[in-house]
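Now for the letters of each chain:
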Amino acid sequence: MNVSISSNINLWYTACILLLSLLASKSTHAQRTPTISYISQEQIKDIGGTVEFECSVQYAKEYSVQWTKTDGEPVFLSSGSTLVIRDSRFALRYEPSASTYRLQIKDIQETDAGTYTCQVVISVVNKVSANVKLSVRRPPVISDNSTQSLVASEGSEVQMECYASGYPTPTITWRRENNAILPTGEQIRPVIE
């Protein structure tokens, strides 16, 4: 009879240990929510140049990791280690040892500027994401609607307008031919916006 009680106690003890181990492993697994441990910083590149964005993830082996351009209507670029967009300027490299997804864009165009998002899709309503911005340098261009020429009577007041675009935003300054002094007494006058 003592053998039977001792056997039952050992069986009960083993069952408790297994149950505690199972609960501990579920608890550890539950704490391992996918995270993005690193994403590249904002990039400023010239038209025609190349940019590479890096996104490192943790605990995401069972989940889909995606790169998306998220300005306006989202454009999906990749899913997992597969490039989805059919544009030869784009390339994707996946490094399993570091769980890193590298998105590269060659021959950058002005339309490539915007926000790129690396996201881990956990469920339909749950995603972990991080953003990186790409700004594309553009040379300054003076707009056609700027004042081209003006005829005025001596002593009358005139208004001249200059509109320019580019990135970074250009600084507009006014000067006279041969750097002659402006009517305001200045040699060069910056436009303050």
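Predicted model only: the values in this text are computed from it and were never measured.

K.L.:
Even after reading the chapter, I still don't get a nonpolar patch on the surface, so can you show me in this structure?
P.N.:
There is a patch of nonpolar side chains on the surface, built from Leu150, Val158 and Met160 and spanning about 270 Å² of accessible area. Looking at the secondary structure, you find Leu150 in the loop between strand E10 (127-142) and strand E11 (164-167).

K.L.:
Whenever I open this one, the packing of aromatic side chains confuses me. Can you help?
P.N.:
In this description, a pair of aromatic rings is defined by centroid distance and the angle of the planes. Summed over all chains, the structure comprises 3 aromatic pairs. Ring geometry for Phe53 and Tyr116: centres 5.1 Å apart, planes at 35°, overall tilted. In this pair, Phe53 is assigned in strand E3 (residues 51-58) and Tyr116 in strand E9 (residues 114-121), connecting sequence segments 63 residues apart. Comparing Phe53 with Tyr116 shows no difference in burial state: the two are buried. Taken together through their ring pairs, the aromatic side chains of Phe53, Trp67 and Tyr116 make up a single cluster.

K.L.:
Would you explain the pattern of salt bridges in this entry?
P.N.:
Pairs can form between side chains of opposite charge whenever their charged atoms are close. For the coordinates displayed, the defined rule picks out 9 salt bridges. Put simply, Glu95 and Arg102 hold a salt bridge, and the shortest N to O gap is 2.7 Å. On the basis of relative accessibility, which here comes to 25%, the residue Glu95 falls in the partly exposed class. Taking the shortest distance from any N to any O, the salt bridge between Arg138 and Glu110 comes out at 3.1 Å. With a gap of 28 residues between them, Arg138 in strand E10 and Glu110 in the loop between strand E8 (100-105) and E9 connect regions that are remote in the sequence. Salt bridges sharing common partners tie together Glu52, Glu54, Arg93, Glu95 and Arg102.

K.L.:
Explain the sheet that holds E3 here, please?
P.N.:
Hydrogen bonds between backbone atoms are what pair the strands of a sheet, whose relative direction is either parallel or antiparallel. Read from one edge to the other, the open sheet built from 4 strands follows the order E1-E3-E8-E7, with strand pairing classed as antiparallel. Single-partner strands in this sheet number two, and they are strand E1 (35-39) and strand E7 (90-95). Across the sheet, the mean angle separating the axes of adjacent strands is 20° when strand polarity is ignored. In the sheet, E1 pairs with E3 via 4 bridges, with the strands oriented antiparallel. Among the inter-strand pairings, Thr35 is bridged to a residue of E3, identified as Gln58.

K.L.:
Whenever I open this one, the pairing of E3 confuses me. Can you help?
P.N.:
Residues in a regular strand project their side chains so that they alternate between the two faces of the sheet. As defined by bridge partners, E3 adjoins E8 across 6 bridges and the pair is classed as antiparallel. Opposite Glu52, over in E8, you have Gln104 as the bridge partner.

K.L.:
Looking at this structure, I do not really get the environment of Val128. What am I missing?
P.N.:
By the secondary structure assignment, Val128 is in strand E10. Looking at Val128, the relative accessible area reads 22%, which means it is partly exposed. When the C-alpha positions of Val128 and Val65 are compared, they lie 9.4 Å apart, and in sequence the two are 63 residues distant. Excluding residues within four positions of it along the chain, Val128 makes contact with Pro34, Thr35, Ile36, Cys118, Gln119, Val120 and Ile122.

K.L.:
Help me out: how do you make sense of the pairing of strand E5 (residues 75-79) in this one?
P.N.:
Alignment of strand E4 (residues 64-69) against E5, held across 4 bridges, turns out to be antiparallel. Directly across from Gln66, in E5, lies its bridge partner Ser79. Linking E4 back to E5 in an antiparallel pair, the connection comprises 5 residues, with Gly72 at a positive phi of about 65°. Counted along the chain from E5 to the antiparallel partner strand E6 (residues 82-83), the turn is 2 residues long, and its residue Gly80 has a positive phi close to 65°.

Rules and cut-offs
- Residues numbered from 1 in each chain as written.
- Predicted model: local features only at pLDDT ≥ 70, side-chain atom pairs only at ≥ 80, totals over all residues.
- Heavy atoms only, no water.
- Patch = residues over 30% accessible without salt bridge, like charges linked within 9 Å, V, L, I, M, F, W, Y side chains within 5 Å.
- Areas by Shrake-Rupley, 256 points an atom, 1.4 Å probe, with all protein chains shown as cover.
- Salt bridge = Lys/Arg side-chain N within 4 Å of Asp/Glu carboxyl O.
- Helix = DSSP H or I, 4+ residues; strand = E, 2+ residues; numbered from the N terminus.
- Phe/Tyr/Trp six-rings, centres within 6.5 Å; stacked < 30°, edge-to-face > 60°.
- Buried < 20%, exposed > 50% of the residue type's maximum accessible area, 1.4 Å probe, protein only.
- Pairing = 2+ DSSP bridges.
- Axes fitted to C-alpha atoms, helices over the stretch in contact; angles between N-to-C directions.
- Contact = heavy atoms within 4.5 Å.

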